[in-house]
Amino acid sequence: PMTEPRVLKITDSPSVIHLGELVLGIYPSVNAKSPMPSLSIVGAEQRAARYKAPLPRALSAYGIAALELCLKELGLDPYDYSIEAEKGEKPRLLPICKDIIVPHFSISHSGSVALCLVCATDEVGVDLELIPGSAEKEDIHRKVARRRFSSRELAEIDEEMNGEAATDYKKVAELDIRKTVFSLCVEKG
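Residues numbered from 1 in each chain as written. Predicted model: local features only at pLDDT ≥ 70, side-chain atom pairs only at ≥ 80, totals over all residues. Heavy atoms only, no water.

Enquirer: Kindly report on the layout of surface pockets, identifying the contributing residues and their values.
Expert: Volume-wise, the largest pocket comes out at about 320 Å³. Along the walls of the largest pocket sit 14 residues, with Arg47, Arg50, Tyr51, Pro91 and Ile107 positioned nearest its centre. Sort the elements by how many residues they give to the lining of the largest pocket and strand 6 (residues 104-110) lands first, with four residues. Residue classes in the lining of the largest pocket are distributed as seven nonpolar, three polar and four charged. (1 Å grid on protein atoms, 1.4 Å probe; cavity = no way out; pocket = protein on both sides within 12 Å on 5 of 7 lines; lining within 4 Å. Points joined across faces, edges and corners; volume = space filled by probe spheres on them. Helix = DSSP H or I, 4+ residues; strand = E, 2+ residues; numbered from the N terminus. Nonpolar A, V, L, I, M, F, W, Y, C, P; charged D, E, K, R; others polar.)

What follows is the structure, given as structure tokens:
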């Protein structure tokens, strides 16, 4: 089921937020001149370097840095993992050592914000979208949900939304977990 948006106030500092069994790492102020973060995950710097333009490269690197924040928050060492992706596939962590937990993650960025959602047990997805300040909640949800749900599921979402409007959402992250959509309105404060 669709939940009401939860507003998260963030500062210009990196932060980690717990959402039940999920951990969300955020780097809120990335730009083309941001110094590249030092990354511990094997293959992370090469993954970010595949972008030639400075801003996408920085956002990719800071998304992985947000992943590392989340791993540390879960008591895991980023040095114990490599990051890999088959062509056209979502990136995934691989353990360097045997017998360690391999969490699931998803990275997204929009504007100057890079974030990563991590769950130790289940697949997760996150999509951060830059939303105009006057966007209605229904439009925000539909923008991301139509990419992930069938027309039947979208009809159920429409029924649950009741056409209520929300105001002044600067950013919204739609977290698609086990066919449940959680909305986070991220505002710089």
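Structure's up, so let's keep going.
Enquirer: Tell me what's going on with the state of the cysteines, and back it up with residues and numbers.
Expert: What the rule picks out here adds up to zero disulfides. Free cysteine: cysteine 116, not disulfide-bonded; nearest cysteine sulfur from cysteine 70 at 4.9 Å. For cysteine 116, a relative accessible area of 0% translates into the label buried. (Disulfide = S-S within 2.5 Å. Buried < 20%, exposed > 50% of the residue type's maximum accessible area, 1.4 Å probe, protein only.)

Enquirer: Let's hear about the side chain of serine 34: which residues, and what values?
Expert: Relative to the helices and strands, serine 34 resides in the loop between strand 3 (22-27) and helix 1 (44-49). Note on serine 34: relative accessible area 13%, which makes it buried. Reaching out from serine 34, the side chain makes a polar contact with the backbone nitrogen of asparagine 31 at a distance of 2.8 Å. (Polar contact = N/O pair within 3.5 Å; in protein donor to acceptor, adjacent residues only side chain to side chain.)

Enquirer: Give a description of the pairing of strand 6 that names residues and reports values.
Expert: Sheet analysis places strand 6 next to strand 7 (residues 113-119), joined by seven bridges and oriented antiparallel. Bridge pairing in strand 7 links phenylalanine 105 to valine 118. A loop of two residues connects strand 6 with strand 7, the two strands running antiparallel in sequence, and glycine 111 in this loop sits at a positive phi of about 60°. (Pairing = 2+ DSSP bridges.)

Enquirer: Run through helix 2 (residues 54-73), naming residues and quoting values.
Expert: If you check helix 2, its first and last C-alpha atoms are 28 Å apart, about what 20 residues at 1.5 Å a residue would give, namely 28 Å. Within two residues after helix 2, glycine 75 carries a phi angle of roughly 80°, on the positive side. (Expected span 1.5 Å × (residues − 1).)

Enquirer: How would you explain the nonpolar core if you had to name every residue and give the values?
Expert: Counting residues in hydrophobic clusters, the biggest one holds 25 residues, and the most contacted among them are Ile41, Leu67, Ile83 and Leu93. For this core, the secondary-structure elements that each account for two or more residues are strand 3, helix 1, helix 2, strand 4 (81-84) and strand 7. For this core, the element with the most residues is helix 2, which contributes 10 residues. When residues no more than four places from it in sequence are discounted, the contact partners of isoleucine 41 are Ile64, Leu67, Glu68, Leu71, Pro78, Tyr81, Ser82, Ile83 and Leu93. (Core = buried A, V, L, I, M, F, W, Y, C linked by side-chain atoms within 4.5 Å. Contact = heavy atoms within 4.5 Å.)

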